[in-house]
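Given next are the chains, with one letter for each unit.
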Amino acid sequence: SYQYNSSSRSTLFMMGLQPSDKLRFDTSIGIQKIDYSGTIGGSTGNSFSLGMTTRPLRRLNLAIDWMVRHNASNINFNAITGGTGSTNTDTSIDLTSLRTRIDYNLSTRWTLFTELQNSDTKGYLGGNESRFRFGADYALNQVFKFSFGWQSNSRTNSDPANALYN
């Protein structure tokens, strides 16, 4: 989003619970308000996420993450492009996303993985996005790794005006 010369206020609350070394739960709640400079517009967003990571077997890891976001926003595109007038365009969205990842540790450096992610956006430029990935990660150290693999991405636009980009 446009944030140059804008005022922004954000609050994020995060909490994690790890009842055992094989199970972890995470949640977050976020609130953000942006006032764009001049007569460009503004945005107010709220998000909520839940996540679970578990290790049901010694080398097998499973992570599931779910997130919802509501963003109420409007932009005066005339003010950005140098046009005249102050017609605001409603650019609000409602987003829901689900991600699942399974890892299998072959060794301390090599890990096989598969991941599936699906996002559904309602509102401005809405659509559905899906991604499927699988491959292997090679850990260089505890911070950096190389990821080798294959992925398939799919996007379907909800707006008929953007259907030709499906």
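Residues numbered from 1 in each chain as written. Predicted model: local features only at pLDDT ≥ 70, side-chain atom pairs only at ≥ 80, totals over all residues. Heavy atoms only, no water.

Peer 1: Help me understand the overall build of the protein chain, please; the structure alone is not making it clear to me.
Peer 2: Across its full length, the protein chain carries 1 helix and 9 strands. Going residue by residue from the N terminus, the α and β elements of the protein chain occur as β-β-β-β-α-β-β-β-β-β. Here the C-alpha atoms of the protein chain give a radius of gyration of 20 Å, more than 25% beyond the 15 Å that 2.2 N^0.38 yields for 166 residues. Evaluated residue by residue, the protein chain yields a buried proportion of 22% over its 166 residues. The contacts in the protein chain between residues at least 6 apart in sequence include a share of 45% that link residues at least 24 apart. Summing over all exposed atoms, the protein chain offers an accessible surface of approximately 11,100 Å²; the carbon and sulfur share of this is 59%. With 16 positive and 12 negative side-chain charges, the protein chain shows a spacing of 9 Å between the two charge centroids. (Helix = DSSP H or I, 4+ residues; strand = E, 2+ residues; numbered from the N terminus. Rg over C-alpha atoms; globule rule 2.2 N^0.38 Å. Buried < 20%, exposed > 50% of the residue type's maximum accessible area, 1.4 Å probe, protein only. Contact = heavy atoms within 4.5 Å. Areas by Shrake-Rupley, 256 points an atom, 1.4 Å probe, with all protein chains shown as cover. Lys, Arg positive; Asp, Glu negative; His and termini not counted. Charge placed at Lys NZ, Arg CZ, Asp CG, Glu CD.)

Peer 1: Is there a simple way to explain the environment of Tyr138 in this structure?
Peer 2: The topology assignment puts Tyr138 in strand β8 (residues 127-139). For the pair Tyr138 and Thr108, spaced 30 residues apart in sequence, the C-alpha to C-alpha distance is 9.0 Å. Beyond its immediate stretch of four places on either side in the chain, Tyr138 contacts Arg109, Trp110, Lys145, Phe146 and Phe148.

Peer 1: What is the right way to read the pattern of salt bridges from this model?
Peer 2: It is possible for side chains of opposite charge to pair when their charged atoms get near one another. Going through the model one piece at a time under the given rule, you end up with 14 salt bridges. Where Asp65 meets Arg99, a salt bridge forms, and the shortest distance between an N and an O atom there is 2.7 Å. Taken together, the residues Asp65 in strand β4 (residues 60-75) and Arg99 in strand β6 (residues 93-105) connect sequence positions 34 residues apart. Residue classification places Asp65 among the partly exposed positions, given a relative accessible area of 27%. In this structure, the salt-bridge partner of Glu115 is Arg131, at a minimum N-O distance of 2.6 Å. Of this pair, Glu115 sits in strand β7 (residues 110-123) while Arg131 is found in strand β8, placing the two residues 16 residues apart along the sequence. For Glu115, a relative accessible area of 6% puts it in the buried group. Owing to a relative accessible area of 26%, Arg131 belongs among the partly exposed residues under this scheme. (Salt bridge = Lys/Arg side-chain N within 4 Å of Asp/Glu carboxyl O.)

Peer 1: Help me out: how do you make sense of unusual backbone geometry in this one?
Peer 2: What you tend to see is this: most non-glycine residues have negative phi, and most peptide bonds are trans. Positive phi values are uncommon outside glycine, yet Leu125 reaches one of about 55°. Within the element layout of this structure, Leu125 appears in the loop between β7 and β8.

Peer 1: Which parts of the structure should I look at to understand the pairing of strand β1 (residues 7-20)?
Peer 2: For β1 and strand β2 (residues 23-35), the ladder comprises 12 bridges, and the chain directions are antiparallel. By the bridge assignment, Ser7 is partnered in β2 with Asp35. In this structure, the hairpin formed by β1 and β2 is closed by a connection of 2 residues. (Pairing = 2+ DSSP bridges.)

Peer 1: Just to check I follow, could you spell out the side chain of Ser28 for this structure?
Peer 2: By the secondary structure assignment, Ser28 is in strand β2. For Ser28, a relative accessible area of 15% translates into the label buried. Here the side chain of Ser28 touches Ser49 through a polar contact of 2.5 Å, side chain to side chain. Setting aside residues no more than four positions away along its own chain, Ser28 makes contact with Leu12, Phe13, Met14, Ser47, Phe48 and Ser49. (Polar contact = N/O pair within 3.5 Å; in protein donor to acceptor, adjacent residues only side chain to side chain.)

Peer 1: Got a minute to help me understand a nonpolar patch on the surface in this structure?
Peer 2: A cluster of nonpolar side chains, namely Tyr104, Leu106, Trp110, Leu112, Leu140, Val143, Phe144, Phe146 and Phe148, defines an oily patch on the protein surface of about 920 Å² accessible area. For Leu140, the position within the fold is in the loop between β8 and β9 (145-157). The exposure class assigned to Leu140 is partly exposed, which follows from its relative accessible area of 39%. (Patch = residues over 30% accessible without salt bridge, like charges linked within 9 Å, V, L, I, M, F, W, Y side chains within 5 Å.)

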